[in-house]
Amino acid sequence: SHAEAGVGGADWIEPLMRRESYVALLVERPAVQERLLRILGAAKWAARYLIQHPGVIDELANSPMLSGRFNAAELESELEQRRAALQRTGEDDEEALLNTLRRAHHAEVFRTLARDVERRITVEQVADDLSALADTVLRVTARWCWDHVRNRHRDAPQFAIIAYGKLGGKELGYGSDLDIVFVYEDDDERAPEVYAAYVRKLINWLTVKTAEGDLFEIDTALRPNGNSGMLTTSFDAFENYQLRRGSNTAWTWEHQAMTRARYVLGNAQLGTRFDGVREAVITAARDEAALKNEITAMREKVRAAHPVKPDRFDVKHSTGGMVDAEFVVQYLVLAKACEHPSLIPNLGNIALLQRAEEAGLLPEGVGRAAASAYRELRRVQHRARLNEEPTQVTPPALSAERDAMLALWKAVFG
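Residues numbered from 1 in each chain as written. Predicted model: local features only at pLDDT ≥ 70, side-chain atom pairs only at ≥ 80, totals over all residues. Heavy atoms only, no water.

Asker: How would you summarise the environment of arginine 375 if you had to cite specific residues and measurements?
Answerer: Within the secondary structure, arginine 375 sits in helix H17 (residues 366-386). In the structure, arginine 375 is positioned 26 residues away from glutamate 401 in sequence and 9.4 Å away in space, judged by C-alpha atoms. Once residues lying within four places of it in the same chain are set aside, the contact partners of arginine 375 are Glu124 and Ile350. Within the local environment of arginine 375, its side chain forms a polar contact with the side chain of glutamate 124, the two groups lying 2.6 Å apart. (Helix = DSSP H or I, 4+ residues; strand = E, 2+ residues; numbered from the N terminus. Contact = heavy atoms within 4.5 Å. Polar contact = N/O pair within 3.5 Å; in protein donor to acceptor, adjacent residues only side chain to side chain.)

Asker: Outline the packing of aromatic side chains, listing residues and values.
Answerer: Counted by the stated rule, this structure contains 12 aromatic pairs. With a centroid separation of 6.2 Å and an interplanar angle of 5 degrees, the aromatic rings of phenylalanine 159 and tyrosine 195 are classed as stacked. Here phenylalanine 159, found in strand S1 (residues 159-164), pairs with tyrosine 195, found in helix H10 (residues 191-207); they are 36 residues apart in sequence, far enough to count as distant. Pair check on accessibility: phenylalanine 159 and tyrosine 195 agree, each one buried. Where tyrosine 184 meets tyrosine 195, the ring centres are 4.8 Å apart and the plane angle is 15 degrees; that geometry is what we call stacked. With tyrosine 184 in strand S2 (residues 178-184) and tyrosine 195 in helix H10, the pair connects residues that are 11 residues apart, well separated along the chain. Within the aromatic cluster, the residues linked to one another by ring pairs are Trp146, Phe159, Phe182, Tyr184, Tyr195 and Tyr198. (Phe/Tyr/Trp six-rings, centres within 6.5 Å; stacked < 30°, edge-to-face > 60°. Buried < 20%, exposed > 50% of the residue type's maximum accessible area, 1.4 Å probe, protein only.)

Asker: Explain unusual backbone geometry to me, using residue names and the numbers behind them.
Answerer: Excluding glycine, residues mostly have negative phi values, and the peptide bonds linking residues are mostly trans. Backbone torsion omega between proline 395 and proline 396 reads 10 degrees, so that peptide bond is classified as cis. Here proline 396 lies in the loop between strand S7 (392-393) and helix H18 (399-413). In the Ramachandran plot, arginine 119 falls in the positive-phi region, its phi being about 60 degrees despite a non-glycine side chain. Tracing the backbone through its elements, the reader meets arginine 119 in the loop between helix H7 (94-117) and helix H8 (123-146). Here the phi dihedral of leucine 398 falls at roughly 60 degrees; this positive angle occurs in a residue that is not glycine. Examined against the element boundaries, leucine 398 turns out to sit in the loop between S7 and H18.

Asker: Help me get a handle on the packing of H7 against H17, residues and values and all.
Answerer: Packing of H7 against H17 brings their axes to within 12 Å, and their N-to-C directions diverge by 115 degrees. The crossing of H7 and H17 is left-handed. For the pair H7 and H17, the contacting residues are Leu113, Asp116 and Val117 in the first and His382, Arg383 and Leu386 in the second. In terms of residue class, the contact of H7 with H17 is built from three nonpolar, one polar and two charged. (Axes fitted to C-alpha atoms, helices over the stretch in contact; angles between N-to-C directions. Left-handed = near helix turned anticlockwise from the far one by under 90°. Nonpolar A, V, L, I, M, F, W, Y, C, P; charged D, E, K, R; others polar.)

Asker: Just give me the short version of the layout of surface pockets, but keep the residues and values in it.
Answerer: Here the largest pocket defines a volume of roughly 1200 Å³. In this structure, the largest pocket is lined by 37 residues; those nearest its centre are Gly165, Lys166, Asp179, Arg260 and Lys316. Every element with two or more residues in the lining of the largest pocket is listed here: H8, helix H9 (165-168), helix H12 (252-258), helix H14 (288-305), helix H15 (322-336) and H17. Counted as a void, the second largest pocket has a volume near 510 Å³. If you trace the second largest pocket, you find 23 residues lining it, with Trp45, Tyr49, Gly175, Asp214 and Leu215 closest to the centre. Of all the elements in the fold, those that place two or more residues in the lining of the second largest pocket are helix H5 (44-52), H7 and H8. Counting residues per element, the lining of the second largest pocket draws most heavily on H5, at four residues. A breakdown of the residues in the lining of the second largest pocket according to their chemical character gives 10 nonpolar, eight polar and five charged. (1 Å grid on protein atoms, 1.4 Å probe; cavity = no way out; pocket = protein on both sides within 12 Å on 5 of 7 lines; lining within 4 Å. Points joined across faces, edges and corners; volume = space filled by probe spheres on them.)

Asker: Quick one: what's the story with the packing of H15 against H17, residue by residue and with numbers?
Answerer: Closest axis-to-axis distance for the H15/H17 pair is 10 Å, and the angle between their directions is 135 degrees. The angle between the axes of H15 and H17 places the two elements in the oblique class. Relative to H17, H15 is oriented so that their crossing is left-handed. Note on element contacts: H17 touches H15 through Tyr374, Leu377, Arg378 and Gln381, opposite Met322, Ala325 and Glu326. (Parallel < 35°, antiparallel > 145°, perpendicular 65-115°, else oblique.)

Asker: Any chance you could break down empty space enclosed by the protein for me, citing the residues and the numbers?
Answerer: On inspection of all chains with the given rule, the structure shows two cavities of 30 Å³ or more. Counted as a void, the largest cavity has a volume near 80 Å³. Elements with a contribution of two residues or more to the lining of the largest cavity: H15 and helix H16 (349-358). Here the residues of the lining of the largest cavity sort into two nonpolar, six polar and two charged.

Asker: So what's going on with H15? Which residues, and what values?
Answerer: Compared with the 21 Å implied by 1.5 Å per residue over 15 residues, the 21 Å span of H15 between its first and last C-alpha is a close match. For H15, the buried fraction is high: 15 of the 15 residues fall into the buried class. (Expected span 1.5 Å × (residues − 1).)

In structure tokens:
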């Protein structure tokens, strides 16, 4: 049967049988049953998600769900209504709020998963929707969490969250961790202590496993000063670090990361200031030869850390894989954005490769071909992860995509 293909035998039936309403749902609604079996048979990750969060099966009874897309405003107002209902009955303790956030997040992830498995939305749309969902959940969690900070010294925090990596580039996948940095701008003498307590609580709210599971894993390694640094910094310290003022300054790889960074939530003035710092970093005058050397050396380092057998092609890490395109784009942005402002916006690798070609920075056709290849490699990677399979193929599979990437690398780095 379909289900057997999904997950070994009947693991998924047991949590369902404990809840009679699901059994009734499946017996009375053959269409729901069929949809469930299709999802279970289509992808191991989906089946595992159902076992962890059986409550999401309710979503399958909602027929129009598959034709929809994630709606941030709707989710946010729904969450605020749920919180208001809990407040009216005095049940809005931390645990109830955490579980409310988790249930809503898991249901939305599952909706996207169902649309994805049914091929109703593209891989890019999946990433857009998962990224927008993460933004929304972060925004609501940050707002609710502030009300639970002891000794908070103002009604609204003067604070922002900056995203890097996959969330920054809106390329989030299922179960991706979040690369985020926390900054505040607040002259109050209590500020450093209050925001430090706030961020600790916020990370706990996002990562702690309750009866309903967790929300995200958080990677805070990109914070200024690396792991030894404070979890949260004043915006001035962040700006000085990025713009290389003073003795404690950002490295080239951190400026590479800045190409994919974006303001996610918080004080609007801080968002505007962040965009200014990002633009200043990206458009700073650079020694292009030195930049080339640093970026190609960093590419070697990443390759060495992810060895691939000679007879295999890893869609991400092999020469001619996705990382090549990422490094090329980072180089082009850092080297050329000062002369070509079209490269400044954080639009993702596909759009930036096309723009670089339009700006004459890549030979005709090379950028477009690499953009298409990147899209296809990403699709293959996405499908493999969904089915918990290795992201490697045996050549000659994907050799056209690999050649397009190699041509891109050669055009830029020689």
